[in-house]
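# Close look at the chain arrangement
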Amino acid sequence: MRFPLLAFLVVGVLLFPILSYSSTSEGMLFRVASQIPVPANARGEAAFLEMDRTTFATLASWRDFICVIPDFPLAQNGAHDLRVAQFEAVAPDIKGRFPVPAHVFLRGSVDGIAGSHVCLTLFEDRAWGYINANGKTYTITAAGRAESGNLILGVVEDTVPAASFNCGVEDWKTTKLPPQVIASPNRNNSPLEFPLGSTIMQLTVALEMDYPCVQQVGGGSDTAAFKYGLSVLAAADDLYMRDVSISLVCSAHYEWTTPDPYPDTAACWILDYFDGSNLPPSNPSMRVLFSGRNTDWCGGLAAGIGVLCSATDAKCICGIKNTLSRNGWNYPYSTWTWDAMVSAHEMGHLVACPHTHNCWWNPPLDSCVPAEGDCYANPVASKGTIMSYCHTTPAGAILKFHPRCSTWMDQQVEQISCKTLQPIVTTTITPTRRIQTCAPTVTFTVTATNGAAPYTFGINSTPLSSTINGNACTLTLKPKQGAVYIRITDANGIRAYDSVVFVPSGYGVSVTEDSLPAGRDSVILTATPTDTTGATCVWSILPTTAGRTIGSGWNITLPRLDVATKYRAKATSGVCIAYDTVTVNARQIPARGVADRTMIQFRIYPNPAHDHITALVPADGSRFWIEDVLGRRMNAAQARSSLSNSISDGEQIDFDLSTVPAGAYWIVRDAAATITISSFQKW
């Protein structure tokens with residue numbers, strides 16, 4: 001099953017016990033990647049993301065989940081949350097010579113930016129996508145591999161200027177159309193909400209790629225070429241779902257890895273020879289040929305307007321402009337969005353629409369170029385849409401169907417026989433799909449519509465033995481930073497996914513220092529968090545290495561060492577972690593004889609110590625022991641040996657620390673009732 005909205009069939013208002021599942025940051029699809037060189041042809045700064053292969057493989061095996069991608073970088077314009085839904089552009093019974101490569105297609109919007117749009121087509125080894133937001137376009141393309149093997153994506157503002165394009169469909173082909181179009185507002189559907197009832201109309205596309213195209217975008221590999229062709233079709237599918245509430249899915253495909261039989265060198269001239277006979281039989285709504293042949297005079301050509309279901313006329317040629325490097329990476333720019341626009345344009349003719357400058361619209365929808373007909377004499381450039389020629393003027397065009405085109409296509413597809421109706425299950429998550437919290441547990445509710453009860457559900461890959469007969473499910477989880485995916489299956493076996501992202505927010509800790517009374521050269525460090533509910537605190541000495549934790553709790557007593565020492569408090573509360581550091585000044589050594597505790601220099605090493613520590617001391621019969629900062633003696637075995645040279649005599653004392661806990665200690669020397677100390681850390 002498909003569609004972005006086969007999302008949550010969870011149900012029955014029900015509060016579960018706290019679940020043992022915890023999401024992790026590894027559940028996130030993207031994370032910020034290290035900067036890589038920006039090519040000279042980049043027109044601005046770039047941002048880079050690393051796509052986690054494990055998460056990608058998991059999501060590629062699912063369908064129809066909804067999620068928030070937090071903090072997605074838009075080049076130099078900061079990070080924003082993306083609210084996206086998975087969609088599919090492959091028919092369940094697709095026919096081809098090899099299995100469909102694993103993929104994740106996502107569509108949605110930038111959270112909080114009205115009119116924004118997101119389309120991402122991801123494969124394990126390549127990716128294409130774009131984001132429109134605040135009047136700017138950002139291209140997303142594969143840029144390399146991380147040391148982990150994960151794919152690195154580059155996000156760059158702006159795109160390659162569109163190529164000059166003319167479509168071979170002329171005004172005479174509109175004669176079969178009815179004389180009038182009823183105008184109505186564009187549906188402009190949200191990727192996550194289809195206000196059209198419980199079904200969406202689906203059209204099937206049989207896709208062929210000629211030999212020049214396979215060489216151009218696949219390096220001769222049929223699998224690599226199909227990845228690109230499928231991504232372009234997915235981008236067109238996204239546009240049709242958003243603007244028309246029609247879905248396009250690939251039902252069959254064929255890629256020419258040997259010279260094809262088409263006799264011409266120009267893309268549009270081979271339309272008459274392309275009849276779909278080389279494609280596996282699938283009885284599609286339309287047949288499309290992606291061509292790498294010359295497009296100088298014609299970027300694409302459709303056999304007719306409003307000809308879906310026709311065995312002879314429901315076909316078109318789409319000239320493909322993009323050229324991939326050997327590894328399939330386009331960074332920093334590609335003409336992928338241009339190829340998607342050409343494909344959506346030519347298929348738009350097959351579905352129902354003439355050009356927007358055609359007089360049949362009465363009045364025409366724009367006048368960027370001379371009219372197809374005689375309804376105006378002087379062209380006036382304006383921002384165009386997918387079915388226009390305004391891209392040939394400085395005004396340009398956007399990836400969007402004109403509202404009247406959308407309405408007309410929707411009305412015509414409702415009347416044809418070669419479509420299928422697919423159910424849509426919609427979901428909502430309360431309070432939100434992005435939960436900012438530091439709480440040790442989080443409660444949220446998933447509500448579904450259009451599914452059939454009873455429902456079963458699971459979290460990520462863990463099934464939960466629960467069946468719910470209502471339409472809302474309340475879950476309480478122990479979160480960690482990252483995403484949790486919820487799987488729902490209704491009584492008819494329709495499966496869907498939704499997700500919640502947990503983001504730590506607003507948590508902090510501060511450390512203060514208080515000196516102990518005279519007699520102990522020590523300090524008390526106190527950590528004060530913004531919230532202590534369910535929180536913990538761990539102390540370490542900086543710089544940190546493995547095993548250097550020196551204690552826990554909100555207060556810790558430590559000796560002043562011979563040098564200034566930096567300590568760090570790490571406070572953890574639910575998904576939130578906060579740090580603060582403090583530098584404790586070195587101890588002050590008083591003059592000998594002034595107090596009963598004088599600091600006589602004797603050497604100890606190593607410091608910090610782990611399983612043993614050695615003291616080099618005068619050979620005067622002094623007693624030695626180890627005590628903690630509270631004055632308690634530690635049970636540490638001693639081994640003494642004599643040291644001597646021509647200048648002085650001394651002793652070496654080796655202390656066994658294997659039974660001494662990690663922490664701060666003194667080695668204490670008692671020499672004729674005179675006490676001296678030297679501090680050290682055990683890790």
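Our subject in this report is the structure included herewith. (Residues numbered from 1 in each chain as written. Predicted model: local features only at pLDDT ≥ 70, side-chain atom pairs only at ≥ 80, totals over all residues. Heavy atoms only, no water.)

Unoccupied space between atoms shows up once a probe the size of one water molecule is rolled over them. Applying the stated criterion across every chain, the model contains four cavities of 30 Å³ or more. One number sums up the size of the largest cavity: a volume of about 70 Å³. If you trace the largest cavity, you find eleven residues lining it, with Met-28, Leu-29, Val-68, Ile-69 and Tyr-485 closest to the centre. The element contributing the most residues to the lining of the largest cavity is strand 3 (residues 66-73), with four residues. The residue makeup of the lining of the largest cavity, split by class, is ten nonpolar, one polar and no charged. (1 Å grid on protein atoms, 1.4 Å probe; cavity = no way out; pocket = protein on both sides within 12 Å on 5 of 7 lines; lining within 4 Å. Points joined across faces, edges and corners; volume = space filled by probe spheres on them. Helix = DSSP H or I, 4+ residues; strand = E, 2+ residues; numbered from the N terminus. Nonpolar A, V, L, I, M, F, W, Y, C, P; charged D, E, K, R; others polar.)

Across all of its chains, the model carries four disulfides by this definition. Here Cys-309 connects covalently by a disulfide to Cys-418, the sulfurs 1.8 Å from one another. What sets the handedness of the Cys-309 and Cys-418 disulfide is the S-S torsion sign, and at about -80° it is left-handed. One end of the pair, Cys-309, is in the loop between strand 14 (300-302) and strand 15 (315-319); the other, Cys-418, is in the loop between helix 5 (403-413) and strand 16 (420-423), with 109 residues separating them in the sequence. Classification of Cys-309 by relative accessible area gives partly exposed; the value is 31%. A residue is classified by how much of its surface remains accessible, and Cys-418, at 19% relative accessible area, is buried. One disulfide in the model links Cys-359 with Cys-375; its S-S distance is 1.9 Å. Residues Cys-359 and Cys-375 are joined through a disulfide that is left-handed, its torsion about the S-S bond being -85°. Placement of the pair is Cys-359 in the loop between helix 4 (336-351) and helix 5 and Cys-375 in the loop between helix 4 and helix 5, with a sequence separation of 16 residues. (Disulfide = S-S within 2.5 Å. Buried < 20%, exposed > 50% of the residue type's maximum accessible area, 1.4 Å probe, protein only.)

So, about the sheet that holds strand 6 (residues 103-110). Taken in spatial order, the nine strands line up as 1-2-10-9-8-7-6-4-3 in an open sheet, and their pairing is antiparallel. Strands with a single pairing partner mark the edges of an open sheet, and in this sheet they are strand 1 (30-32) and strand 3. Going from strand to strand, the sheet's axes swing by 30° on average, the running direction of each strand aside. Inspection of the sheet shows strand 7 (residues 117-123) paired to strand 8 (residues 127-133) by six bridges, in the antiparallel sense. From the neighbouring strand, Cys-119 faces strand 8, where its bridge partner is Tyr-130. The sheet contacts of helix 1 (residues 53-60) involve strand 2 (46-51), strand 4 (79-87), strand 6, strand 7 and strand 9 (136-145), and relative to strand 6 the element is tilted by about 95°. In the packing of helix 4 onto the sheet, contacts are made with strand 7 and strand 8, and the angle to strand 8 comes to roughly 80°. (Pairing = 2+ DSSP bridges. Axes fitted to C-alpha atoms, helices over the stretch in contact; angles between N-to-C directions. Contact = heavy atoms within 4.5 Å.)

If you check which residues of helix 1 are buried, you get Thr-55, Phe-56, Leu-59 and Ala-60. Along helix 1, the residues classed as buried sweep out an arc of 135° about the axis, all on the same side. By the N-cap criterion, in which a side-chain oxygen at the helix start approaches the backbone nitrogen of a residue two or three places on, helix 1 is capped by Asp-52, the distance to Thr-54 being 3.3 Å. (Arc of directions from axis to C-beta. Polar contact = N/O pair within 3.5 Å; in protein donor to acceptor, adjacent residues only side chain to side chain.)

Across the sheet, three strands lie side by side as 34-37-38; this open sheet has antiparallel pairing. Of all strands in the sheet, those bounded by a partner on one side alone are strand 34 (623-628) and strand 38 (674-682). Strand-to-strand twist in this sheet, taken as the mean axis angle between neighbours without regard to direction, amounts to 25°. With nine bridges joining them, strand 37 (residues 663-671) and strand 38 adopt antiparallel strand pairing. By the bridge assignment for strand 38, Tyr-665 is matched with Phe-680.

The subject of this paragraph is the packing of helix 3 (residues 222-244) against helix 5. For the pair helix 3 and helix 5, the least separation of the axes is 9 Å and the interaxial angle reads 95°. The angle between helix 3 and helix 5 places the two elements in the roughly perpendicular class. Here helix 3 contributes Tyr-240, Asp-243 and Val-244 to the contact with helix 5, which in turn contributes Ser-406, Met-409 and Asp-410. Considering only residue class, the contact of helix 3 with helix 5 consists of three nonpolar, one polar and two charged. (Parallel < 35°, antiparallel > 145°, perpendicular 65-115°, else oblique.)

The values are spatial; any link to function lies outside them.
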